[in-house]
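What follows is the residue order along each chain.
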Amino acid sequence: MKHVRLAAGGFLGLTIVAALVPLFLGPVDLPTAQHHLLHAALIAGALISALLFAAPSHKTGAAHYGWLLVAILSPVAVMMLMWPSEYAWFEQHPGGHVLEHLSIIGFAFATGYAGQRYAAGIGWVTGLSLLFMAIASAWGFGVAPAATGALAANVPSRPAVASDAESNSGPQTSYAVPPYFQRIARYVTASKEPEEKARH
Amino acid sequence: MSGIVAIDNPVGKRVMWTYIATGLAIFLLMVLVGIAMRASQAGWLTIDPGTFYSLLSLHGVGMITAMAIAGLGILWYLVSRYAKMNAGVAYLAYGFFLAGVVCVIVSVVPGHYGALWTMLYPLPFTGTYWPSWTTGSWLIGNSLVMIGFMIWCAQILGALLERFGGIRGVLAIDYVFRNRAFIASGQEPPPPEMFAAAITAIDGFIGGTAGLLIVIAMIVHWIDPTVAINPLWAKNLIYQFGHTFANLTMYMAVAGVYVGLPMCTKREYHTSVPLAVAWWGTLTFVIIAYFHHLYMDFAQVQIVQYIGEISSYLAAIPVVVVTVYGGVMLVHRSGMKWSLGSMFLFAGMIGWVVGGSAAVLDATIPINVDLHNTLWVPGHFHTYLLEGVLLFVMGWAFVSLEQRAGTASNLVMRWLVGLGMFGGGALFLMPFYMAGAAGVPRRYASEPAPGPYFAGIATIGALILLVGFLLAVFEALRLARLKRAGAVA
């Protein structure tokens, strides 16, 4: 048991070290698909360590359903952190990038650990589910062939929300927080209807 | 694993009836929507195209969700007879389902969402006649249903893994590969309905994963339109979830046959090696059969088109043959008395075979060339849902009520309900197939001839079916009251 705990700690340590890499590399410019896959590698490390850490001591009927809720909702949080249009900002801000990585690792760990605490085997299921989502993202989430026809009409000729112009302006942009926080805040306070109508 | 005995579980029954009642209530609402749409296609009712597509979106997602909720309730109860289950988790999943349904209704009724259940990217975002928040409400509603479904699947799978000793026990792997040693050791394989539960939970979780990924991607695109999505990737994920979820509704409900038919025939439905292997086929192939929805997507890798065709056969045929053969053998010379419960269960097997055959025909590439996106497609899935899943759900509900009340419905009621549900059902379904064979396209508010003619016949059939369904509901309530009266006395 002690060896398992040591291995779990080792995996978690290695994963956290990998998450810190942006601090050493500085600003980078990665293709979105590759960035998704690197996040998937972090997720895999966190999951392995969570599964090794978790001793399924509770029986299914007795386990608190909160564990299950955490195991099912954490992958949603991870996928939200893998918001593709924010990668450009994170890649230019190593500190924020590391925080993003640590958050991904935290939620991935929670996915495996909480699932396994709910019932033996469920951590594997929820963990593999999250890993699949992260890997599959590389083929379509913020990654698409050149748009033509109706699809081209769907890609805004200018940023759909005001902050896009700033967030797309490259390395020199500097915000205190990732732009999606601003974008979501503006989205809920201002309707996009007039812009959409204008586009159509 | 020896001595596998079912224990009646009153808490499980409450969960089951909550789910069944909710599912059937949503079903009734969706029937009314469906009748309105068919009447509109017949030219008997004026519904503007925008409203039609909104109603079609609601009808599509609502019907599948309704049948799934009812089926999940049955399975939850059946699993709770063998394994320790927390009813709180069932109600948590139920809460997610309800919240999702409310969001979907809001997006359709005041919001006029109309990109159908398939919500194929970029349709919900491009050229829309509804406001942006409507698409968001639709996507969030769908994601809530998916999360509820995944909670349900995880709970069932956890319970089964614990009760039957891991995945080897749940899938009866030792029972199949080391049969003699397994039997000699005094062990028993899981009962047949546990296979239905396990396959629903495993494939459901896989489908939920695909569905959640695409819905999250679309929610992100909704908030930030600069995030592009690969349309083919999106379509694969949507159909992986959609096809799997719709297909699994049958496997949820079929568990009721494994338990209900033996109650009617006073015989046991045993797990056998062919039954276990057939369910492995379903487990493996249901999740990849969806490729048959993408036959006309020529950008798709060609090999998966063949995989889609082969998987469509292997997912359905073994389990249908083994289950229906077993069911017919149970009934044969059993002296079973026909009640509404046994009628529904038996007729449901026929509906499963007919709807499944029509589906497999359509999944055959040379035939699909002619039938793709014609009314043949709704023909097969309406048969599957209406004369398969619904009848299994109602069959199980009536068998339970008849057992509780210690009596069954009289001959006149059986005839009236039978004529309505089966006769009206046939009259409703046949026009789909005939119009489909004539090449009438599906998903259009107004159809070319002979579409309107067949839509008229279908409307009459659906109205008759509705009368039969309402009679059955009243009869169910009567049987439920009988028990209560008996209990007081």
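Residues numbered from 1 in each chain as written. Chains lettered and ligands numbered in written order. Predicted model: local features only at pLDDT ≥ 70, side-chain atom pairs only at ≥ 80, totals over all residues.

## With respect to the overall build of chain A
Looking only at helices and strands, one finds 11 helices and 0 strands in chain A. Starting at the N terminus, the α and β elements of chain A follow one another as α-α-α-α-α-α-α-α-α-α-α. Here chain A holds 200 residues, and 46% of them are scored as buried. Once local pairs closer than 6 in sequence are excluded, the contacts in chain A between residues at least 24 apart make up 82%. (Helix = DSSP H or I, 4+ residues; strand = E, 2+ residues; numbered from the N terminus. Buried ≥ 20, exposed ≤ 12 C-beta atoms within 10 Å, placed from the backbone. Contact = placed C-beta atoms within 7 Å.)

## With respect to the overall build of chain B
When helices and strands are tallied, chain B shows 16 helices and 0 strands. Expected size for 489 residues packed as a compact globule is a radius of gyration near 23 Å; at 22 Å, chain B falls within 12% of this value. Taking the principal axes of the C-alpha coordinates as reference, chain B spans close to 65 × 50 × 45 Å. Per-residue burial over chain B gives 59% buried out of 489 residues. Taking the intrachain contacts of chain B between residues at least 6 apart in sequence as the baseline, contacts between residues at least 24 apart amount to 85%. (Rg over C-alpha atoms; globule rule 2.2 N^0.38 Å.)

## Observations regarding the environment of L47(A)
Residues and elements named next belong to chain A. Summarising the element assignment, L47 is placed in helix α3 (residues 32-53). Using a count of 26 C-beta atoms within 10 Å as the deciding quantity, one classes L47 as buried. Sequence separation between L47 and V17 is 30 residues; the distance between their C-alpha atoms is 15 Å. In this view, L47 contacts A108, T111, G112, G127 and L131; residues no more than four positions away in its chain are not counted.

## So, the environment of A68(B)
All names here are of chain B. Its place among the elements puts A68 in helix α2 (residues 49-80). Taking the C-beta count within 10 Å as the criterion, A68 has 27 such neighbours and is therefore assigned buried. Put simply, A68 and L213 are 145 residues apart on the chain and 20 Å apart in space, counted from C-alpha to C-alpha. Leaving out residues up to four positions away in the same chain, A68 has contacts with F245, T249 and M252.

## What to know about helix α9 (residues 231-265) of chain B
Residue and element names in this part refer to chain B. The terminal C-alpha atoms of α9 lie 51 Å apart, and with 35 residues this matches the ideal 51 Å at 1.5 Å per residue to within 8%. The largest bend in α9 amounts to roughly 25 degrees and is located at V259, with the proline P262 lying one to four residues further along. Of all 35 residues making up α9, 32 are buried, and the element is well covered by its neighbours. After α9 finishes, the residue K266 shows a positive phi value of roughly 60 degrees. (Expected span 1.5 Å × (residues − 1). Bend = angle between axes of the 7 residues up to and from the residue.)

## What to know about the nonpolar core
Residue and element names in this part refer to chain B. The biggest cluster of nonpolar side chains holds 230 residues, and the ones touching the most others in it are I74 and L160. A per-element tally of this core places helix α8 (residues 192-223) first, with 21 residues. Leave out the neighbours within four places in its chain, and L160 touches V79, A83, V170, M194, A197, A198 and A201. (Core = buried A, V, L, I, M, F, W, Y, C linked by C-beta atoms within 7 Å.)

## Here's the deal with the environment of T284(B)
Residue and element names in this part refer to chain B. Its location among the elements puts T284 in helix α10 (residues 273-285). Accessibility expressed as a C-beta count within 10 Å gives 15 for T284, which makes it partly exposed. T284 sits 31 residues away from A315 along the chain, and the two C-alpha atoms are 7.3 Å apart.

## A short note on the packing of α2(B) against helix α3 (residues 87-108) of chain B
Residues and elements named next belong to chain B. Running from amino to carboxyl end, α2 crosses α3 at an angle of 170 degrees, the nearest separation of the two axes being 10 Å. With respect to α3, the element α2 is oriented roughly antiparallel. Counting all contacts with α2, which are made through S54, S57, L58, V61, T65, I69 and W76, the residues of α3 involved are A90, F97, V101, V104 and V108. Along the lines of polarity and charge, the residues of the contact of α2 with α3 split into 9 nonpolar, 3 polar and no charged. (Axes fitted to C-alpha atoms, helices over the stretch in contact; angles between N-to-C directions. Parallel < 35°, antiparallel > 145°, perpendicular 65-115°, else oblique. Nonpolar A, V, L, I, M, F, W, Y, C, P; charged D, E, K, R; others polar.)

## Here's the deal with unusual backbone geometry
All names here are of chain B. With an omega dihedral of 10 degrees, the bond running from Y121 to P122 counts as a cis peptide bond. Locating P122 in the fold gives a position in the loop between α3 and α4 (132-163). A cis amide bond links A449 with the next residue in sequence, P450, at an omega value of 5 degrees. One non-glycine residue, H112, lies in the positive phi region at around 65 degrees. For H112, the position within the fold is in the loop between α3 and α4. For H112, a count of 17 C-beta atoms within 10 Å puts it in the partly exposed group. If you check the backbone angles, K266 has positive phi at about 60 degrees while not being a glycine. With respect to the helices and strands, the residue K266 is situated in the loop between α9 and α10.

So yeah, pure geometry; function would need other evidence.
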